Amino acid sequence: MTNNNENKNPAAAARGSELASDFTVSINYDSRLYREDIAGSIVHARMLGRQGIIESDDVEKIVEGLGVIIEEIENGEFEWKEELEDIHMNVESRLYELIGDAAGRLHTARSRNDQVATDTRLWTQLACGRAFDAAVQLQKSLVDLAEQHIDTVVPGYTHMQRGQPVVLAHHLMAYFEMFDRDATRFAQTAESADVMPLGSGAMAGVPYDIDREWVAKELDFSDISRNSMDAVSDRDFIVEFLTASSLAMAHLSRLAEELVIWSSDEFGFIKLSDEFTSGSSIMPQKRNPDFAELIRGKTGRVYGSLMGLLTTIKGLPLTYNRDLQEDKEGLFDAADTVITALEAAAGMIAGMTVNVDRMRQAAANSFVLATDIADYLVGKGVPFRAAYIAVSDLSKQCIADGVGFGELSLSDFQKASDLFDDGVMEITLDSAVAARNVPGGTAPERVRAAIEEAKGLLADAGA
Ligand code: ARG
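Overview of the structure. All values reported here derive from a predicted model rather than from experimental measurement. (Residues numbered from 1 in each chain as written. Predicted model: local features only at pLDDT ≥ 70, side-chain atom pairs only at ≥ 80, totals over all residues. Heavy atoms only, no water.)

### Examining the site of the ligand
Neighbouring the ligand are the residues Ser26, Asp30, Asp86, His88, Arg112, Asn113, Val116, Tyr320, Gln325 and Lys328. In this structure, Asp86 approaches the ligand through a side-chain N or O atom, which is 3.1 Å from a nitrogen atom. With the chains in place, 87% of the 340 Å² that the ligand exposes on its own is no longer accessible. Considering each element in turn, the shell around the ligand owes the most residues, three residues, to helix 6 (residues 112-147). Along the lines of polarity and charge, the residues of the shell around the ligand split into two nonpolar, four polar and four charged. (Near = heavy atom within 4 Å. Polar contact = N/O pair within 3.5 Å; in protein donor to acceptor, adjacent residues only side chain to side chain. Areas by Shrake-Rupley, 256 points an atom, 1.4 Å probe, with all protein chains shown as cover. Helix = DSSP H or I, 4+ residues; strand = E, 2+ residues; numbered from the N terminus. Nonpolar A, V, L, I, M, F, W, Y, C, P; charged D, E, K, R; others polar.)

Shown next as structure tokens:
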């Protein structure tokens, strides 16, 4: 590759005669930081002018030139140059072409080290906002669907075995809770990223009378970093973003897995909308839950980015090291993945059809009332362990006879324990869910209250 930006262009010349190699180039992905990079440069230039560090004429030229560059980039006219390696050098070099020598004053009292840390912090804050909104959108879909299924009975599972009846709304609201914590983690990560490094220079600070507070205020940062050496080498906020994303993907993949299972012929609990399924190229009957599967599958790459960055920063000596350039691809990819996955999950929940009868049947054709029948004996004074054994024997007998509890007469029950009376015949799926009337329980009354509370939380989040 040749260095065809003549030596007059200092940004280009900064590459020296060194051969640009693909290995060090980051422009293919860090061009995504262009808005943050240019916003940072505009504020930095203005601050230099305000402080009398550079002439106001030069500030005007710089700001104008940077405005042209933004437009060129957004119109697709900007010529990205790999030999200029990264976003910072590409912008600065173009600025030189546009305004000449004044461009060389922009990098006064600044280094790419504090610049890239600033850009990435701005970008991460925006990504946190988008991930937060997407999580809230998913929560909203869950609440909307839950509201329609406060009385829909479905088996609740432990060990993937039918355990106790619950209402579908309760099951959906369990995911509401997970995504609530995820949204909170994205908001907390935005706060971690909300610290401005500019003014740290390469690592020791800068020998100019700069105004860091003013720059922070203009760029909408709440704080300035307290230690320049830390500021240029800290990527904890990205680890936090990747952690929040990984947990969100873990929750999404659990939900996705349930959608895959529930939409199978074997379960038949739900039907996913066409938008989120696809046919098979060979088996004409297929409706594959591709979106759910890809959400589940893409979880791996997000975890990979987290592990990758943790490994990259391990053992790095202070301060900036080029290793840190490896922070961005994982960050961008995780943000794209988690935001799209949250949006797709929201769409799947909003668009799916619930087979209420199938769910109730699955609960009815099972022994999910066993606990309630044992609890009934407890009410008659039997110790729970003894009641457990009586009902366990009874269910074994039923399985041998090929019948369910629902088909037993009172005298059948009384063979298991003479303490059974008419009341046992009143135990139903609905009475069982209604009985779990504790805070956090599946009683429809409690679930309705939980949904009301959730709507309040969503309203506070602006959804
Ligand atoms: N592309 C670099 C990165 O992302 C920018 C900072 C380069 N600084 C340096 N001293 N080479 O980390």
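### Brief notes about the nonpolar core
By size, the foremost hydrophobic cluster in this structure holds 111 residues, and its most contacted members are Leu138, Leu252 and Ile270. Per-element tally for this core: the top contributor is helix 10 (residues 236-262), with 14 residues. Excluding residues within four positions of it along the chain, Leu138 makes contact with Phe179, Leu252, Leu342, Ala345, Ala346 and Ile349. Among the nonpolar cores identified, the runner-up in size contains 22 residues, and Val368, Leu369, Ile373 and Phe405 belong to it. (Core = buried A, V, L, I, M, F, W, Y, C linked by side-chain atoms within 4.5 Å. Buried < 20%, exposed > 50% of the residue type's maximum accessible area, 1.4 Å probe, protein only. Contact = heavy atoms within 4.5 Å.)

### So, a negative patch on the surface
Side chains of Glu55, Asp57, Glu60 and Glu64 sit close together on the surface and give a patch of like negative charge. If you trace the backbone, Glu60 turns up in helix 4 (residues 56-74). Its relative accessible area of 46% is what places Glu60 among the partly exposed residues. (Patch = residues over 30% accessible without salt bridge, like charges linked within 9 Å, V, L, I, M, F, W, Y side chains within 5 Å. Salt bridge = Lys/Arg side-chain N within 4 Å of Asp/Glu carboxyl O. Lys, Arg positive; Asp, Glu negative; His and termini not counted. Charge placed at Lys NZ, Arg CZ, Asp CG, Glu CD.)

### Quick word on helix 10
Compared with the 39 Å implied by 1.5 Å per residue over 27 residues, the 39 Å span of helix 10 between its first and last C-alpha is a close match. The element helix 10 is extensively covered by neighbouring structure, given that 19 of its 27 residues are classed as buried. (Expected span 1.5 Å × (residues − 1).)

### Observations concerning the pattern of salt bridges
If you walk through the whole model with that rule in mind, you get 24 salt bridges. Linking Glu257 and Arg296 is a salt bridge whose minimum nitrogen-to-oxygen distance equals 2.4 Å. Separated by 39 residues along the polypeptide, Glu257 in helix 10 and Arg296 in helix 11 (residues 290-313) bring together distant segments of the chain. We classify Glu257 as partly exposed; its relative accessible area is 32%. Lys415 is the salt-bridge partner of Asp412, the closest N and O atoms lying 3.4 Å from each other. In this pair, Asp412 and Lys415 both sit in helix 16 (residues 410-416), three residues apart, roughly one turn of the helix. Of the residues examined, Asp412 reaches a relative accessible area of 25% and is grouped as partly exposed. A relative accessible area of 69% places Lys415 in the exposed class.

### Brief notes about the pairing of strand 1 (residues 153-158)
Bridging between strand 1 and strand 2 (residues 161-167) involves six bridges; their strand directions are antiparallel. Among the inter-strand pairings, Val154 is bridged to a residue of strand 2, identified as Val166. Between strand 1 and the antiparallel strand that follows it, strand 2, lie two residues; His159 among them carries a positive phi value of about 55°. (Pairing = 2+ DSSP bridges.)

### Observations regarding the side chain of Ser245
Position of Ser245 among the secondary structure elements: in helix 10. Taking relative accessible area as the criterion, Ser245 reaches 0% and is therefore assigned buried.

### Side note on a nonpolar patch on the surface
Together, Val378, Phe384, Tyr388 and Ile389 make up a nonpolar patch on the protein surface, roughly 360 Å² of accessible area in all. Of the residues forming the nonpolar patch, the biggest block, three residues, is contributed by helix 15 (residues 384-401).

### Details of helix 6
Between its terminal C-alpha atoms helix 6 stretches 52 Å, which fits the 52 Å expected from 36 residues at 1.5 Å a residue. A large share of helix 6 lies buried, amounting to 26 of its 36 residues. In this structure Ser111 caps helix 6, since a side-chain oxygen of it lies 2.8 Å from the backbone nitrogen of Asn113.

### Description of unusual backbone geometry
For residues other than glycine, phi is negative in most cases, and the peptide bonds are mostly trans. Residue Thr319 is reached from Leu318 by a cis peptide bond, and omega for that bond is 5°. Its place among the elements puts Thr319 in the loop between helix 11 and helix 12 (327-351). In this model, Ala109 sits at a positive phi of 60°, which is unusual for a non-glycine residue. Inspection of the secondary structure assignment puts Ala109 in the loop between helix 5 (87-99) and helix 6. Positive phi, normally seen in glycine, also occurs at Met160, with a value near 60°. Inspection of the secondary structure assignment puts Met160 in the loop between strand 1 and strand 2.

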